[in-house]
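Given next are the chains, with one letter for each unit.
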Amino acid sequence: MLDNFAIPDILPIYPQSELVAFPHMQLSIYLKELDLPLFEGARGHGDMILICKYRSEHGGENTSNLSGAIHEIGTACRIVEFTRLTPGGAKASLEGVARCRVVDVISDPPLALGRVEVLREFVEKSVVTEALVSSLSALLKIALSYGGPLPKEVMKIVDHIDTPARLADLVALYCNLPLDELQEMLETLDPVERLKKVYVHLAEDVQKLQVRGEILQEVSNRVGKNQKEYLLREQMKQIQEELGEEDSKDSELNELRKKLESAALPADIRKIADRELQRLERMNPASPEHNIIRTYLDYLAGLPWQLSTVDSTDINEAEKILDEDHYNLKRVKERILEYLAVHSVRGKMKGPILCFVGPPGVGKTSLGKSIARALGRKFIRMSLGGMRDEAEIRGHRRTYIGAMPGRIIQELFRAGANNPVFMLDEVDKLGIDFRGDPASALLEVLDPEQNSTFTDHYLDVPFDLSGVMFITTANQIDPVPSALKDRMEVLTLSGYTAEEKEAIAERFLIPREVEENGLADHPPAFSAAALQTIIANYTREAGVRNLQRNIASVCRKITKEFTQGKTVRKNITPDVVEELLGARKFYDEVTAEQDRVGVVTGVAWTESGGDIIFVEATRMHGKEELILTGSLGEVMKESARAALSFVRANREELGIDAAAFEETTIHIHVPAGSIPKDGPSAGITMATALVSLLKGEPTRREVAMTGEITLTGRILPIGGLKEKALAAKRAGVKTLLVPARNRDAMEEIPESVKSSLEFIFIKDVREALQHALQKQ
């Protein structure tokens, strides 16, 4: 090639950023108007130009100064054909001739000229060269079998090339190398080195082609397998039709269609179900979406859209059932009978939303079962304690894997009726975290104005909950959000008196435990004194759970004696109780202590009912400050500060020496320090303890008190008076000081408590001091 074409020493330079030319390479390029003078000037240089690549760090065209902007080594190309185009510009056909080095740039664009030096390549044939050429040819044939990189026409040319330099250049052009690596290949003057680099790149390409071929083959095999399965299924379907048998898929769809028809779906929901059923018919059973739609339609067909149980409208029978199952609880029973009366007169009506609030063991959950039995409805219980995920109420959307409806829809699906008694237990123990707020999700469920169109995220269609009687339970109403509390009718179930517990034990607990412990044939007789002993000495609760456990313990021990051949005890007396249950566990806290200075008896209301607390106050020499201990909450601490401020402000009237406060540290402690305590009702108790301490007058231990105080000494009303009165009676208190504004709450206090406790109504701290302090 070099012999046929003499390359001038000076050539026009045509710099490019996206092109690397090689010797023996033929290429066509389209020229802009700006490039035409350069190619027309090439006629004076043997119709030849030099194509050089811009350096990567330069990265741009239209450079006025080429020195340092282009690579020194380029390819001298002969202009084979030059044709002007009508719209403007031209088309040039070029042929690479030889590698050249730019020795010097004579002029810059647009008419760039440079002095060039032809780089001649020499290679001696050797065993290494022949082996590289042979290996490269074999690798090219392997690559060709996988569909690349050289066309078949080029492979024919390769077979006739015996020059290593030309072979390396030709293969490099078809290896899809980046421009910088092509330029590096162009600048590699040793043909053997070029062959080695080309071989490495080609080997990588062949490896990629092999992996791609294996993947394509695997895909092809899978497609073939699916086609085969399809043909076999079609053949099986044809055979089943000839035999008169039904396809399993068709059988399943027909069964589902019958369920949907018998489900009495509302018209708008039936349209959605039919649309999903049509999708299911067209879908391959092996598709993951098939099971999702199938489960969805199962829920739509299985929900009780129009199925209801018939309510019992016999009020007398309902009252009888309620009385059989629970003792007393008149207010709750009255509310249920009122609902039944209105329902029997009016017909269909929205179910009430009731909330039973009371300490553990008073029968809230069992009362729900009794209500369902009295109404003739099905009973559903769902515990909300510790629930933190909103999806437990509303369900998950079907886009999620393993999505399911919420617990509300699931329980109605299992019940098979749209008007059950639905108990939501422990509503005050709902949690909240990043997954949502279940209490907020319950707002729609427990709103009679909204729950007729309750929409579960999974179903995504409205379901009518207005026929459901929702009953929630809670130990305390304070933790329940105000918006949720506003939607419920709160009914308080207070603790039981000792007489009520005795009656409950005789009517319900003893017969049940005698039966469960195998003593039905020879039941023991519990005397009233024995029951009173268990209630007073072995339990200290508002409900009857521990009472039931102790009765069960007595029955088990009697059963054990019977199985050992011992004489069966017929009568259970207080002595037998002490023998079987051991030493008494509880004592009367008040009667067991003596009157002391700075120690006052108070009553508190907790989630487990009423309880007795003792407020202790002492003083010591030191800086003037108030120390508060006993796991007190912020409200209780503020009550202590208010009590101290009242005492200091009225010291002269109360007969306290001014020196009593000087350099004195006052410490108020409420025992049982591991139990958190809070609330304002201990204000009067703390104020009395401080006056007793500073005057040195002991307080009457059998006098208990409750009430919130102000800085002026007024006593404000409190809550939970019945529970506090029951706790005072259990502890042996004789007199209970109560805010005067709580006089109306005395209607809730049982007569047995009124007869054993003296209630004194007070308006001011001074009145409390007159009844609590012992004058010296």
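Everything numeric here is computed off the predicted structure, so don't read it as measured data.

Rules and cut-offs
Residues numbered from 1 in each chain as written. Predicted model: local features only at pLDDT ≥ 70, side-chain atom pairs only at ≥ 80, totals over all residues. Heavy atoms only, no water. Patch = residues over 30% accessible without salt bridge, like charges linked within 9 Å, V, L, I, M, F, W, Y side chains within 5 Å. Areas by Shrake-Rupley, 256 points an atom, 1.4 Å probe, with all protein chains shown as cover. Salt bridge = Lys/Arg side-chain N within 4 Å of Asp/Glu carboxyl O. Lys, Arg positive; Asp, Glu negative; His and termini not counted. Charge placed at Lys NZ, Arg CZ, Asp CG, Glu CD. Helix = DSSP H or I, 4+ residues; strand = E, 2+ residues; numbered from the N terminus. Buried < 20%, exposed > 50% of the residue type's maximum accessible area, 1.4 Å probe, protein only. Contact = heavy atoms within 4.5 Å. Phe/Tyr/Trp six-rings, centres within 6.5 Å; stacked < 30°, edge-to-face > 60°. Lys NZ or Arg CZ within 6 Å of the ring centre and 35° of its normal. Pairing = 2+ DSSP bridges. Axes fitted to C-alpha atoms, helices over the stretch in contact; angles between N-to-C directions.

## Here's the deal with a positive patch on the surface
Here is step 1 of the chain: Taken together, the side chains of Arg556, Lys557, Lys560 and Lys566 make up a positively charged region of the molecular surface.
Here is step 2 of the chain: Tracing the sequence through the fold places Lys557 in helix α19 (residues 545-563).

## What about the pattern of salt bridges?
Here is step 1 of the chain: Applying the stated criterion across every chain yields a total of 37 salt bridges.
Here is step 2 of the chain: The partner of Lys429 in a salt bridge is Asp428, with the nearest N and O atoms 3.3 Å apart.
Here is step 3 of the chain: The class of Lys429 is partly exposed, set by a relative accessible area of 32%.
Here is step 4 of the chain: Where Lys695 meets Glu697, a salt bridge forms, and the shortest distance between an N and an O atom there is 3.7 Å.

## Some thoughts on the environment of Ile409
Here is step 1 of the chain: Along the chain, Ile409 turns up in helix α14 (residues 407-415).
Here is step 2 of the chain: Exposure remark for Ile409: the relative accessible area of 0% places this residue in the buried category.
Here is step 3 of the chain: The contacts of Ile409, once residues within four sequence positions are left out, are Leu303, Phe454, Asp456, Leu459 and Phe463.

## Side note on the environment of Gly679
Here is step 1 of the chain: Note on placement: Gly679 falls in the loop between β19 (664-669) and α23 (683-695).
Here is step 2 of the chain: We classify Gly679 as buried; its relative accessible area is 17%.
Here is step 3 of the chain: Sequence separation between Gly679 and Met636 is 43 residues; the distance between their C-alpha atoms is 5.3 Å.
Here is step 4 of the chain: For Gly679, the residues in contact, after removing those within four places along its chain, are Val635, Met636 and Ser639.

## Brief notes about the packing of aromatic side chains
Here is step 1 of the chain: If you walk through the whole model with that rule in mind, you get 7 aromatic pairs.
Here is step 2 of the chain: When the centroid spacing of 5.1 Å and the interplanar angle of 80° are considered together, the rings of Tyr14 and Phe39 count as edge-to-face. Of this pair, Tyr14 sits in strand β1 (residues 10-16) while Phe39 sits in helix α1 (residues 36-41); the two residues are 25 residues apart in sequence, bridging distant segments of the chain. Residues Tyr14 and Phe39 agree in their burial class; the two are buried.
Here is step 3 of the chain: Ring centres of Phe39 and Phe82 lie 6.4 Å apart, and the angle between their planes is 20°; this geometry places the pair in the stacked category. Of this pair, Phe39 sits in helix α1 while Phe82 sits in strand β4 (residues 73-84); the two residues are 43 residues apart in sequence, bridging distant segments of the chain.
Here is step 4 of the chain: Sitting over the face of the ring of Tyr296, Arg398 holds its NZ or CZ atom 3.8 Å from the ring centroid.

## Observations regarding the sheet that holds strand β13 (residues 489-492)
Here is step 1 of the chain: Across the sheet, which stays open at both edges, the 5 strands sit in the order β8-β9-β12-β7-β13 with parallel pairing between neighbours. Unpaired on one side and paired on the other, β8 (379-383) and β13 mark the two borders of the sheet. Neighbour-to-neighbour, the strand axes of this sheet turn through a mean angle of 20°, independent of strand direction.
Here is step 2 of the chain: Sheet topology places strand β7 (residues 353-357) next to β13; 4 bridges connect them, and they run parallel. Note on β13: the bridge partner recorded for Cys355 is Val490.
Here is step 3 of the chain: α14 rests against β8 and β9 (421-425) of the sheet, and its axis sits at about 155° to β8.

## Here's the deal with the pairing of β4
Within a regular strand, the side chains alternate between the two sheet faces.
Here is step 1 of the chain: In the sheet, strand β3 (residues 48-53) pairs with β4 via 4 bridges, with the strands oriented antiparallel. When the bridges of β4 are listed, Ile51 appears paired with Thr75.
Here is step 2 of the chain: For β4 and strand β5 (residues 90-107), the ladder comprises 11 bridges, and the chain directions are antiparallel. Each bridged residue has a counterpart across the sheet, and for Ile73 the counterpart in β5 is Arg101.

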